[in-house]
Every structure is written in C-alpha cells, then in structure tokens.
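# Working through the structure, step by step
Residue-level listing of the chains:
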Amino acid sequence: MKALPPPELQRVQLGFVPLLDCALLVIAREQGFFAEQGLDVVLCRQNAWSTLRDKVAAGLLDGGQMLAPLPLAMTLGLGSEPCKTLAALNLSRNGNAIVLSQALAERANAGYSDEPAASARALGGYLLRGTPERPPRLAMVHPHSCQHYQLRQWLDLGEIDPQRDVELAVMPPPRMVEAMQRGEIDGFCVGEPWGTLAEARHTGRIVATGAQLWPDHPEKVLGVTRRWAERYPATLCHLIRALHYASQWLALDPSHLRQARDWLALPPYLDRSVEHLDHLPLGEAPLLQRMCGTDMLRPEASAMQRFATQMLSAASPTLAEHDTLETCYSPVHYDTATHH
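These remarks concern the structure in this document. (Residues numbered from 1 in each chain as written. Predicted model: local features only at pLDDT ≥ 70, side-chain atom pairs only at ≥ 80, totals over all residues. Heavy atoms only, no water.)

## A few points about helix H1 (residues 23-30)
Our working definition: For the exposure calls, accessible area comes from a 1.4 Å probe over protein chains only, and a residue counts as buried if that area is under 20% of its type's maximum, exposed if over 50%, partly exposed in between. The helix and strand labels rest on DSSP assignments: H or I over at least four residues marks a helix, E over at least two residues marks a strand, and numbering proceeds from the N terminus.
Taken across its 8 residues, H1 has 6 buried, putting it largely inside the fold. Within H1, the full set of buried residues consists of Ala23, Leu24, Leu25, Val26, Ile27 and Ala28.

## Overview of helix H6 (residues 116-129)
Note the cut-off: Multiplying 1.5 Å by the residue count of a helix minus one yields the expected span of that helix. We call two residues contacting when some pair of their heavy atoms lies within 4.5 Å.
Under the 1.5 Å per step criterion, the end-to-end length of H6 is 21 Å for 14 residues, consistent within 8% with the ideal 20 Å. Contact partners of the buried residues in H6: strand E5 (96-101), helix H5 (102-108), helix H7 (146-157), strand E9 (204-209) and helix H10 (210-213).

## Some words on the side chain of histidine 144
Looking at the secondary structure, you find histidine 144 in the loop between strand E6 (137-140) and H7. When its relative accessible area of 17% is taken as the criterion, histidine 144 is described as buried. Beyond its immediate stretch of four places on either side in the chain, histidine 144 contacts Leu67, Pro69, Leu70, Ala73, Leu78, Tyr149 and Met311.

## Let's talk about the sheet that holds strand E7 (residues 167-170)
For clarity, the cut-off: Note on pairing: DSSP must find at least two bridges between two strands before they are called paired. Here, axes are lines fitted to C-alpha atoms. For helices the fit covers the stretch in contact, and angles between N-to-C directions go from 0 to 180 degrees.
The 5 strands are arranged E7-E6-E8-E5-E9 in an open sheet whose pairing can be described as mixed. This sheet does not close on itself; its edge strands, each paired only once, are E7 and E9. The average angle at which neighbouring strand axes cross in this sheet is 25°, direction not considered. Along the sheet, H7 makes contact with E5, E6, E7, strand E8 (187-191) and E9, crossing E5 at roughly 55°.

## Some thoughts on the sheet that holds strand E2 (residues 40-45)
Backbone-to-backbone hydrogen bonds join strands into a sheet, with any given pair of strands oriented parallel or antiparallel. Pairing in this open sheet of 5 strands is mixed, and the strands run E2-E1-E3-E10-E4 from one edge to the other. Each having just a single partner strand, E2 and strand E4 (85-93) make up the two edges of the open sheet. Adjacent strand axes in the sheet meet at a mean angle of 30° when their direction is disregarded. Sheet topology places strand E1 (residues 11-16) next to strand E3 (residues 63-67); 2 bridges connect them, and they run parallel. Its bridge partner being in E3, leucine 14 is matched across the sheet by glycine 63. Seen against the sheet, H1 touches E1, E2, E3 and E4 and runs at an angle of roughly 140° to E2.

As far as function goes, none of this settles anything; it's purely spatial.
As structure tokens, then:
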C-alpha cells in the first residue's frame, strides 16, 4: 500500500459494546496495528448502543463500533437529534441469534433447524392454542438494528403479530442472558457471544439466526460523524488501514482465532462472557459470523438497502433518500486507505 499522510490525531478514543464483533478493534490494539499507524487508540466499553451513539454525536468519542443501521438512523435523526454519520468500514457480517428461554422453547416445541420458519410457526401455534398469563417478552438491542428487523421478520414467518401477540423491549446485550435467567424476558435477538452463552448456561435455546434470514448481511461498522471524518481524514484512513491489517492477521492462521478469543476474554473487553468459547468461532454454523476478507470490510450502500427502505420511509420526505444512503455507506474512505 502507498504511504498515507501522517494522522492529524495521535490519540483516538473509540467506543465498543461487548460483543464478538468488536474483535477487529481489539486485535488492532493488542497486536499493535494501531500503533504501527502512529495511533494511540483507547477502546472505551459502552453497555448500550444509545450511549455510544450519543457520545459519538457529542464528540466525547471519536467514533466506534456501531450497528450497521445506526449511521443512517443518526443522519436521519431517528431516535435522536440529526447528526450526519458515516460507516467507514464493515467490522462484521452475520452473527445474530434468535433465542427463546428454555421453558418457552419446550412449551412451544421450538428448536433450531435449516428452516427458520419452522421455529416461528411452532411459537405461533403455541400462542394460538395456549393461554399464557402474559404475552412473551422478547428483547432486541436497539430500535434501529438488524436484530430488531430480523426478529420482526422471524415473527412474521410464524404469523405472530408483534403488536398483539408478543411484547418487544429494548435491552443492552450484556443484560439479556441474566434477564432471561430471572424471568424478565422470554427471548431475544442479539449478537454473539450472548446467544451461545444462554445455551451454555441452559437458560435459552437458539431457534433461528440472522444468517438464515439475511444471509451475509453487514452487522457492525466503524462509525464516525461526517464532521470528524472531514476534519481528520488522514487519521480515519490510518484507522481503516489498521483494521484492514487486523482482518488479514485474523485470517492468516487458525491459532489467531484462539489468540483473539483470549484478548476478548480480558476484563476491559468481554471478560467471562466468552469463557464458554474455545476460540473465536468465525464462519461456523449456525451463526456464520465473518470478520475477514476485503469484500467483507468494504462498505457499500446497496448492501444496506434491506433495512434502509423502512428507515427512510419513516424520515422526512424532503430528504434526498438515495444520496443520504450513498453518503452514509460510501466506500470512498476505505478505498483511499487501502487503494482499493
């Protein structure tokens, strides 16, 4: 790769939520790829996506791991004040699990299969013939998230009305397994490691995955405000390049999957929530999470169209919809950093 101008900033603070797909950020820091780019990157753990969003918008964080729909939601002002935001790079694809509590899964006779509609129909049939004391309470991580849209699509496969038959709630990923253990929720849609952790603790059962519903969908991105990107373009390019190298390193040797898991298990990152994993389970069924490959990293507006259509329809009709989507998910910064 050609030399880049030196970064305008040496110290950068990036937010993350404790999920497996913060791995490229952790690898780039622990393996020294950020340092090689002249950057001292501080990774700041946030437990809720709304908190991370607000801190990035306010300039308290320079950027961070974001839900793929979040830059568009921030730009449109959906759920917060408008803040023009862009996705500079994809951090992951796939990785979401739809989980029912062990008790509800057993009552509905719902389990994982090659066809996600089977478990949805099983739950729908149980709700139709049964008389639960209250509608099942199902959690997702943010109103504008792939998890929310995938959960609704799965419910639709079982002819389950999300307004009448179940109760949807927003909950930070780290709270979900314990909330299920306490009986506060009956299911959730979330990224790893929380779905497999629920199974490992015999608290929940994976009944469908995001990879089945939206194969190879972009799940997390590196998000920064447009103002920050315009002010520090070289810094952004160095961040992208470091994460590009982290992805290449991860794909280089199977032993790196174990090393990445060990870094994620450190207290500043995911700590004990990954103790049930022997390694970083990339590409493994049923979740099929991906963090490697140039095609995986490069953002493209067309890949975001699945959730963008419903988000744009809820925004002001005066917005230039196509331009908004293209700008939020433009590959221009990635291509500059990697000379794609």
